[in-house]
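# Geometric and topological summary
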Amino acid sequence: MTSAAVSVRGLTRRFGEVVAVEGLSFEVKTGELFGIVGPDGAGKTTTLRMLAGVMRPSGGDALIRGRSVVSEPEAVKPHIAYMSQRFGLYEDLTVGENIAFYAELYEVPRSVLPGRLERLYEFSQLAPFEGRLAGDLSGGMKQKLGLCCALVHEPDVLLLDEPTFGVDPISRRDLWLIVHDMVARGTTVIVSTAYMEEAERCDRVALMNRGRLVGLDHPRRLHEGLGGEVISVRVSEPRRAVEWLAGVPHVRSAALLGDSMRIMLGDGEEAWSSVRTSLEEQGIAVLEAAPARPSLEDVFVELVERERSGKNPERSGND
Amino acid sequence: MAVSVVRVRHLVRKELKQLLRDPRSRPILFVLPLVQLVLFGYAVNTDVRHIRTAALDHDGTSASRELLEAFAASGYFDIVERPQRPSDIVRSLDRGRVMLGIEIPVGFARDLDAGRGVSIQLLVDGSDSNTATVAGGYALGVVTAFTIQRSGEAGAASRGLVLDARAWFNPSFESRMYNVPAVIGALLMLICLLLTSFSVVREREIGTLDQLRVSPITSTELILGKTIPVMWVGVLDLALITVIATTWFSVPLRGSLVVLAAGGFLFILCGLSIGLLISTVSRTQQEAFLTMYMVFLPALIFSGFFFPIESMPSIFQWISYANPMRYFLEIVRALFLKGAGLAELYPQFAVLAAMAVTGIGLAIRRFERSVA
C-alpha cells in the first residue's frame, strides 16, 4: 500500500508497431491537482484511458489507492471518475435525468443525493436547464453536465481528458472552478491539456512527448530548472533576426511572438550582451529588451529539444 | 457473477425512457408490427380467386349451362367472355385477357344423359405456373362435383371410383391461415433485431459506453439492462399481433396461449441475442444496420416463411437448422392451426431454449472482450 493516490509504474501501451505510451512512471499524491501536458499524439488520452480501466496496458501497471487497474479493475471503479474529451451524454435524456442515471449507476444513496445535486447545480449553473434535453445544450454546457455526471458519486480520483477542449472561455472558467473546488475538498485530479496556461494552474505537471515523460515538476520549478533566461526583444527586422540567431552561441531558441521575439538564452552572465552585440553587428537594431517569465511552452520546447539531442539533465533530477 | 438488481432496474428504466422518447424508435415498437401484419396478412396470399375465364358452349343445353353456372358459383372463376369460335379463346389467352378457357362440345348433354363418357376442354395459361396449377385443380373440383351431383339425380347405380379428399386444419386451403401465424415470427425477429442491433453500438458512438465501462456496472448487468426492455416490447407485440391475427384475420388459435407465450419468449430471446451480438461486433451504426440486414434476410428465406424448407436443396435445409425462426414458425403454425402442444413441439422448444441461452452467453462474452 502506498500513500500516493495514483502510482504509475512503467505503464506502456502499444498499438501494433506504434508505441503510444512507453514506460511511463509517476506518482500523484492524494488531493493533488496533477497535469499531463503535451501536443496531440503525446499519449495523454491513452494514459488516462489506461488509468480509467477502459484500455488495458500492454505493460506496466498503475495503482489507484493501492489497487491495480490491471488485476483488480472492479475494486478501482467505484473510486474514480473519468471524463473523456467528449463526455458521453444521453442526448435524449434531460439534464436532470442524465445526472440521476449516473447517480444510480454508482448507487449514490438517496439521502445524500439532494445535497450533492444542489452543489453541482450551483457550480455548473445548470439548474435552470434541469428539464432540458442534453442534446439541446451548447458545447460548454454539455461539458459541464459531463463533469457533473462524473462527479455525482464523489470520486476520490478524477481523471479529466482535455476537459476544456473546444469549450468557450466562460464555460472553461466554470469548469476550472469546479475542478479547484473538488481539489479543495480533497479529491485527487489528473487532468490532461494541450493548453500551457491551463497546465500552470496545476500543482505539478508531467510533460509528455511521443509517449514518453520528458519532464515532471511544479510548473514554477520546471521554469527554474531551465537554467537560462528568456528575454523578450523588439528589433528592427524581426524575421531576419530570428534566422540569424539560429546559429549564434548562447541562443537556445528564438521565436517570433507577435511583433516581438522570444529568445531563450543559455547559461552565463554575458549571454545577453554577447547576443545583443551579434545582432547589432548584423545591422539589426534592438529597440527594446526585457527579461520575460518563461512559459511552460518554452520549457516544453526546450525539454523536447534536449530529449532529442540525447542529454537530459532535468529528467533524472526531477523524477 | 454478482448482479446488482438495483443497477439493472435503473438501466432498464433508462432504456425504456429512451425507447419511448425517441421519435424514430417509437413507431417501431407498436405501429410497425401492426402495419406489417396487415400488409403481410393481405399481401402474402397465394389464394387464387376470380380467375378470368372465357367459356364457349357449343352444346347450348340446360346441362351445359348448369356446368358453366357451377364454375361461376364456385367463386374461383369469373366468366368474362363468351366467344363464338375456339380461335377466339386462344386469342384471349394470348392477350392475357383471360387465364382459362372452357370449351363444351356439341352433344355434351346427350352423352351425359346416356351415361357415356364425355369430355370438355380446359385451356390454361401456364406462364404463371402456380396460379395455373391451382386453377386447374379448382376446375377439376367443379367438374367432379358437377358429375357426382348429376349422377345422383339420375340415380345411376355406378359412380366408379371417386377420390374424396378432405383437408384437415385448414379445410378451405386459405393461405392466410398458414401465413399470418408465420408473420408473427418474422415480425418478432425484425423488432428484436431493430431494437438491439443499435443499442450497444449507439452508446459506443456517442461515447457513453466508455462511461459505463468506467462505472461499477458489469457486462452481465449491462446486457441484462439492454435485453429486458426489448423483451417486454417483444412480449407486448406478440400479444398485440396474436389478438389482431385471431380477430381481424380470424385465424383460429387452437393451441394453448401459454405454450404460444413460452415459445414466443424463447424466440424473442434468440432474436435479441443475435441483435446484441451484431451490436457488440459492429464499430458504427451503419455497420450494425448492414449486418442486421444480412442476417434478417437469410433468416427469413431459410425459415420456411415463403418457400417450404422441404423443397430447398439439402445444403440450405442444413443451414436452416441454425435458424431460430425455422423452429418458431414450426411452433406457431402447428399451434395455431393444429392445436399442437408441448407434447408435439418439445424438440423445437428445446432447440430454441438452447439457442437463447447460447446467444445471450455469447453476447455477454463478446461484450466483455470488446472492453479490452
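Residues numbered from 1 in each chain as written. Chains lettered and ligands numbered in written order. Predicted model: local features only at pLDDT ≥ 70, side-chain atom pairs only at ≥ 80, totals over all residues. Heavy atoms only, no water.

### So, the packing of helix α3 (residues 95–105) of chain A against helix α5 (residues 139–151) of chain A
Any two packed helices are characterised by how steeply their axes cross, that is the angle between the axes, and by the distance between the axes. Residue and element names in this part refer to chain A. At a closest axis distance of 8 Å, the pairing of α3 and α5 adopts a crossing angle of 30 degrees. It follows that α3 is roughly parallel to α5 by the angle criterion. The way α3 lies across α5 gives a crossing that is right-handed. Touching Val95, Asn98, Ile99 and Tyr102 of α3 are Leu145, Cys148 and Cys149, all from α5. Taken together, the residues of the contact of α3 with α5 break down into six nonpolar, one polar and no charged. (Axes fitted to C-alpha atoms, helices over the stretch in contact; angles between N-to-C directions. Helix = DSSP H or I, 4+ residues; strand = E, 2+ residues; numbered from the N terminus. Parallel < 35°, antiparallel > 145°, perpendicular 65-115°, else oblique. Left-handed = near helix turned anticlockwise from the far one by under 90°. Contact = heavy atoms within 4.5 Å. Nonpolar A, V, L, I, M, F, W, Y, C, P; charged D, E, K, R; others polar.)

### Overview of the packing of helix α7 (residues 175–197) of chain B against helix α8 (residues 199–206) of chain B
Residue and element names in this part refer to chain B. At a closest axis distance of 5 Å, the pairing of α7 and α8 adopts a crossing angle of 20 degrees. Comparing their axes, α8 and α7 come out roughly parallel. Side by side, α7 and α8 meet where Leu195, Thr196 and Ser197 of the first sit next to Ser199, Val200 and Val201 of the second. Among the residues forming the contact of α7 with α8, the class breakdown is three nonpolar, three polar and no charged.

### Here we look at unusual backbone geometry
Leave glycine aside and you will find that most residues have negative phi; peptide bonds, for their part, are mostly trans. One non-glycine residue, glutamate 154 of chain A, lies in the positive phi region at around 45 degrees. Tracing the chain through its elements places glutamate 154 of chain A in the loop between α5 and β7 (157–161). For serine 250 of chain B, which is not a glycine, the phi torsion comes out positive at approximately 40 degrees.

### What to know about the pairing of β7 of chain A
Residues and elements named next belong to chain A. The element β7 is largely enclosed, with a buried count of five among its five residues. Neither face of β7 is left uncovered, since the one carrying Val157, Leu159 and Asp161 and the one carrying Leu158 and Leu160 both have all their residues buried. For strand β6 (residues 80–83) and β7, the ladder comprises four bridges, and the chain directions are parallel. Note on β7: the bridge partner recorded for isoleucine 80 is valine 157. Sheet topology note: the β7/strand β8 (residues 188–193) ladder contains five bridges and is parallel. Looking at the pairing, aspartate 161 lines up with serine 192 of β8. With respect to chirality, the unit in which β7 leads through helix α6 (residues 169–184) into the neighbouring parallel β8 is right-handed. (Buried < 20%, exposed > 50% of the residue type's maximum accessible area, 1.4 Å probe, protein only. Pairing = 2+ DSSP bridges. Right-handed = clockwise from strand over helix to strand, strands pointing away.)

### Notes on the interface of chain B and chain A
Chain B puts 25 residues into the contact, and the matching count from chain A is 28 residues. Both sides together, the interface formed by chain B and chain A hides about 2400 Å², and carbon and sulfur atoms give 55% of it. When the area that chain B buries against chain A is broken down by residue, the three leading residues are Arg21, Gln211 and Val214 of chain B, summing to 26%. Across the contact surface, chain B and chain A share five salt bridges. The shortest N-O distance in the salt bridge between glutamate 97 of chain A and lysine 17 of chain B comes to 3.8 Å. Where the side of chain B that touches chain A is concerned, the elements lending two or more residues are α1 (5–21), α8 and α9 (208–214) of chain B. The element best represented in the side of chain B that touches chain A is α1 of chain B, accounting for nine residues. For the side of chain B that touches chain A, the residue count by class is nine nonpolar, seven polar and nine charged. (Buried area = accessible area lost by both parts, 1.4 Å probe. Salt bridge = Lys/Arg side-chain N within 4 Å of Asp/Glu carboxyl O.)

### Here's the deal with the pairing of strand β10 (residues 212–217) of chain A
All names here are of chain A. By the criterion of burial, β10 is predominantly enclosed, with five of the six residues buried. Pairing between strand β9 (residues 204–209) and β10: five bridges, direction antiparallel. When the sheet's bridge partners are listed, leucine 207 is paired in β10 with glycine 215. The turn linking β9 back onto β10 is made up of two residues, and arginine 210 within it adopts a positive phi angle of 50 degrees.

### Topic: the pattern of salt bridges
Tallied over the entire structure, the rule returns 34 salt bridges over all chains. When salt bridges that share partners are traced, they join Arg116, Arg119, Glu154, Asp181 and Arg185 of chain A into one network.

### What about the sheet that holds strand β1 (residues 6–15) of chain A?
Residues and elements named next belong to chain A. Strand order in the open sheet formed by four strands is β2-β1-β4-β5, with antiparallel pairing between adjacent strands. At either end of the open sheet lies a strand with only one pairing partner, and these are β2 (18–28) and β5 (67–68). Relative to strand β4 (residues 59–64), β1 runs antiparallel, the two sharing five bridges. Each bridged residue has a counterpart across the sheet, and for serine 7 the counterpart in β4 is leucine 63. Across the face of the sheet, helix α1 (residues 44–52) comes into contact with β1, β2 and β4 while running at roughly 120 degrees to β1.

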